[in-house]
Amino acid sequence: MAATNAPTRKSLGSFYTSEPIVRLLVLWGMRRPHEVVMDPSCGDGRFLVAAAAAGATETIGVDIDPAAVTRANEALSRSSRPFRVIEGDFFEVLPDTLPPVDLVVGNPPFIRYQRFSGDARRRALESALMMGVHLTRLTSSWAPFLLHAVRFLRPGGEMAMVVPAEITQTDYGLATLRGLARHFGGITLLAFERNLFEDAQEETCLLLATDRGASCEQVAFVPVRDATDAAGVIQTDRIGGVSMPVEPHAGNVRFAEALLAAEEREAWDLVKESPGVVPIGSIGSVTNGYVSGDNDFFHWTKARAAAAGLPDSWLRPSARSSRVLRGLAFTPDDVEHQERGGRASHLVVPEHDLFSGDPVALQRFTAEGKERGVESRFKCRTREPWWKVPGLIVPDVFVTYMAGAHPRSAVNQAGAVYSNSLHGVRLAPGHDPEAFVLGWYTSAALLSLEIEGRSYGGGILKVEPREMLRVRLPCVAGVPAGLAARVDALLRSGRYEDASRTVDEALLVGVLGFREGMVATIRSARERLVNRRLGRSRKAHVHAR
């Protein structure tokens, strides 16, 4: 797609494709003669112009943006090839209104489910269902868009599309991929180390699908550095890659494992199947934290609360982000450290019952909130009373929700609640929080985080509660004496990688009995995935040594 003003582009989910990627997809798509080529979100028509130049005898474009349609018509009119550009919602275009298509090529719109609503979403989900795929309302627009486009292809037809990496990382993405696998004889995904769209901050892949009307049970996953590397790959007789099963009977498919070298995958398979390495969900529960509605208003320092006359019993120590998890435990001293630095680390939770309430303090507190407009904030106006934050949990352990190079965990020694910037883990009886956190810092657990979590364009790793339950970490009955103190000191002095190496040697090698060479391979695998993720940002890379 081509340039439209930024607000319009965002609302339409349009992120315009660079010329190297256009050439790459058209080069692959037109490697054998194709007569009718369609771009169902054609923008300025650049994919169709390239296809016509490569020999397509007819091109068809669809776009909902009138300005884009005008530009596409202008661009395609310079070619002697027949063309047609349809202005409108692609989901309202039906296959029987157009000639059978040989190749679908392009970049589908990416609209998050929050803005993908109404009749457009209803039509999209109905079309996906016609292709045998049930998608929920939490689906982004690109997924049903791909499935609808398949309906226009003749038997034997092909598809070459830009897709977000969500196709391998989310439930609805994998459902879409499985749906495509039921309609194509072969599917290849090219996964790029660097972002294709800087303004989208979204990791992307190229999807190459062949032989419409057949089916496949595996997808070839091919990591590539950039467009130049990808061009060299697709011009070979056999693209290759790591074969990944996609049918439901294959269980939980983790495409991140395909990014590892063969010896790293072998080592990881041995480690994750060890009885001493277990998923978090087998030893505890994971819950996201509270949403205050106005962090500045609801979080106070003890000093400010005392000056305002708020009862001390109203103050709950709070872990507000992973930045406060400096050591192996989050302690009362850590709370004080945050407040000495000017960061309010107590959540105000007023009590208003007959015996412990303080009506005068409550009136002052709520009056300030009303004056600042807090009661009209979305989260506040939808709860009763608006001034009391719900969903407070005191977990055994805090774990990171979103992380850069160094995901954090800490035992909750402060008896603190926590915000939705973190997850809380409540362990089953008999499991030691300190042993859990030590296990977290092993290379095995850190690699599992990279595999289970979702990587975003800015280098951020995001791990939802359901994904965190699948993260595997060592579960040991006894922790070597002095280990916790050594690791805590290393973490607090900023020596994260040294802390990880220390628990590797103590737990993975010393307690569980893994060979040092295997542990070094796991450490290398984790470093590979972290640096690949951080390579899409300007953040420092990990050097695990």
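Residues numbered from 1 in each chain as written. Predicted model: local features only at pLDDT ≥ 70, side-chain atom pairs only at ≥ 80, totals over all residues. Heavy atoms only, no water.

Peer 1: What's the story with the sheet that holds strand β12 (residues 299–300) in this structure? I'm lost.
Peer 2: Overall, mixed pairing links the four strands, which are arranged β12-β15-β13-β19 in an open sheet. The sheet terminates laterally at β12 and β19 (417–418), the two strands that pair on one side only. Bridging between β12 and strand β15 (residues 346–348) involves two bridges; their strand directions are antiparallel. Each bridged residue has a counterpart across the sheet, and for His-299 the counterpart in β15 is Leu-347. (Pairing = 2+ DSSP bridges. Helix = DSSP H or I, 4+ residues; strand = E, 2+ residues; numbered from the N terminus.)

Peer 1: Before we go on, may I ask you to explain the nonpolar core in this structure?
Peer 2: One recurring pattern in soluble globular proteins is that nonpolar side chains are buried together. Counting 70 residues, the largest nonpolar core has Met-159, Ile-187 and Leu-189 as its most contacted members. The contact partners of Leu-189, leaving out residues within four places of it in the chain, are Val-163, Ile-167, Thr-168, Leu-177, Cys-205, Leu-206, Leu-207, Val-219, Ala-220, Phe-221, Val-222 and Phe-255. Val-411, Phe-436, Leu-473 and Leu-490 belong to the second-largest nonpolar core, a separate cluster that totals 36 residues. (Core = buried A, V, L, I, M, F, W, Y, C linked by side-chain atoms within 4.5 Å. Buried < 20%, exposed > 50% of the residue type's maximum accessible area, 1.4 Å probe, protein only. Contact = heavy atoms within 4.5 Å.)

Peer 1: Before we go on, may I ask you to explain the environment of Leu-347 in this structure?
Peer 2: Relative to the assigned elements, Leu-347 resides in strand β15. Since its relative accessible area comes to 0%, Leu-347 is described here as buried. For Leu-347 and Arg-316, which are 31 residues apart along the polypeptide, the C-alpha to C-alpha distance reads 5.1 Å. Leaving out residues up to four positions away in the same chain, Leu-347 has contacts with Tyr-290, Phe-298, His-299, Trp-314, Leu-315, Arg-316, Ser-318, Val-389, Leu-392 and Val-417.

Peer 1: Whenever I open this one, the packing of helix α17 (residues 443–452) against helix α21 (residues 516–534) confuses me. Can you help?
Peer 2: Two packed helices can be described by the angle between their axes and the distance between those axes. At a minimum axis separation of 9 Å, α17 and α21 run at an interaxial angle of 35°. Handedness of the crossing formed by α17 with α21: left-handed. Residues Ser-443, Ala-444, Leu-446, Leu-447, Glu-450 and Ile-451 of α17 touch α21, and the partners they reach there are Ile-522, Arg-523, Ala-525, Arg-526, Leu-529, Val-530 and Arg-533. Partitioning the contact of α17 with α21 into residue classes produces eight nonpolar, one polar and four charged. (Axes fitted to C-alpha atoms, helices over the stretch in contact; angles between N-to-C directions. Left-handed = near helix turned anticlockwise from the far one by under 90°. Nonpolar A, V, L, I, M, F, W, Y, C, P; charged D, E, K, R; others polar.)

Peer 1: Got a minute to help me understand the environment of Ala-361 in this structure?
Peer 2: In this structure, Ala-361 sits in helix α14 (residues 359–371). Sequence-distant contacts of Ala-361, that is, excluding residues within four places in its chain, are made with Gly-309, Leu-310, Pro-311 and Trp-314.

Peer 1: Help me understand the sheet that holds strand β6 (residues 184–192) in this model?
Peer 2: Pairing between sheet strands relies on hydrogen bonds along the backbone, with the strands arranged either parallel or antiparallel. Read from one edge to the other, the open sheet built from nine strands follows the order β3-β2-β1-β4-β5-β7-β6-β8-β9, with strand pairing classed as mixed. Every other strand in the sheet has two partners, leaving β3 (83–87) and β9 (242–245) as the edge strands with one partner each. Neighbour-to-neighbour, the strand axes of this sheet turn through a mean angle of 20°, independent of strand direction. When β6 meets strand β8 (residues 218–224), the two strands line up parallel, connected through five bridges. The residue of β8 that forms the bridge with Leu-189 is Phe-221. Packed on one face of the sheet, helix α8 (residues 171–181) meets β6, β7 (204–212) and β8 and runs near 140° to β6. Helix α9 (residues 227–234) contacts β6, β7 and β8 of the sheet and is inclined by roughly 150° relative to β6.

Peer 1: Is there a simple way to think about helix α13 (residues 332–340) in this case?
Peer 2: Given 3.6 residues per turn, any residue in an α-helix points the same way as the ones three and four places further on. Where α13 is concerned, the buried positions are Asp-334, Val-335, Gln-338 and Glu-339. What you see down the axis of α13 is that its buried residues fit within an arc of 140°, all on one side. Exposed side of α13, more than 90 degrees from the buried face: Asp-333 and Arg-340 are the residues found there. Among the structural elements, β12, α12 (302–308), β13 (315–319), β14 (329–330), β15 and α19 (483–492) are those in contact with the buried residues of α13. (Arc of directions from axis to C-beta.)

Peer 1: Explain the pattern of salt bridges here, please?
Peer 2: A side chain with one charge may pair with a side chain of the opposite charge, provided their charged atoms come close. A complete count under the given rule lists 29 salt bridges for this structure. Put simply, Arg-46 and Asp-44 hold a salt bridge, and the shortest N to O gap is 3.0 Å. For the pair shown, Arg-46 and Asp-44 are each scored as buried. Close ionic contact of Arg-526 with Glu-497 constitutes a salt bridge, the shortest N to O distance being 2.8 Å. Of the two residues, Arg-526 is situated in helix α21 and Glu-497 in helix α20 (residues 496–511); the sequence distance between them amounts to 29 residues. Each member of the pair Arg-526 and Glu-497 is classed as buried. Salt bridges sharing common partners tie together Arg-326, Asp-334, Asp-488 and Arg-492. (Salt bridge = Lys/Arg side-chain N within 4 Å of Asp/Glu carboxyl O.)

Peer 1: When you look at unusual backbone geometry in this model, what are you seeing that I'm missing?
Peer 2: Leaving glycine out, the prevailing phi sign among residues is negative, and the prevailing peptide bond configuration is trans. With an omega of -5°, the peptide bond between Glu-384 and Pro-385 qualifies as cis. One non-glycine residue, Asp-211, lies in positive phi territory at about 60°. Topologically, Asp-211 is positioned in strand β7.

Peer 1: Just checking my understanding: could you explain the packing of aromatic side chains for this structure?
Peer 2: Here the distance between the centres and the angle between the planes together describe a pair of aromatic rings. Counted by the stated rule, this structure contains 14 aromatic pairs. Measuring from centroid to centroid gives 5.9 Å for Phe-330 and Phe-398, while their planes differ by 80°, and the two rings are edge-to-face. Taken as a pair, Phe-330 in strand β14 and Phe-398 in strand β16 (residues 397–400) lie far apart in primary sequence, 68 residues in all. Between Phe-398 and Tyr-418, the aromatic rings sit 5.7 Å apart at their centres with planes inclined by 65°, giving edge-to-face as the arrangement. Pair noted here: Phe-398 is in strand β16 and Tyr-418 is in strand β19, with a separation of 20 residues, a long-range link. The buried category is assigned to Phe-398, whose relative accessible area is 0%. For Tyr-418, a relative accessible area of 1% corresponds to the buried category. Here the aromatic residues Phe-297, Phe-298, Trp-300, Phe-365 and Trp-386 are joined through ring pairs into a cluster of three or more. The residue whose ring lies beneath Arg-31 is Trp-28, and the NZ or CZ to ring-centre distance is 4.1 Å. (Phe/Tyr/Trp six-rings, centres within 6.5 Å; stacked < 30°, edge-to-face > 60°. Lys NZ or Arg CZ within 6 Å of the ring centre and 35° of its normal.)

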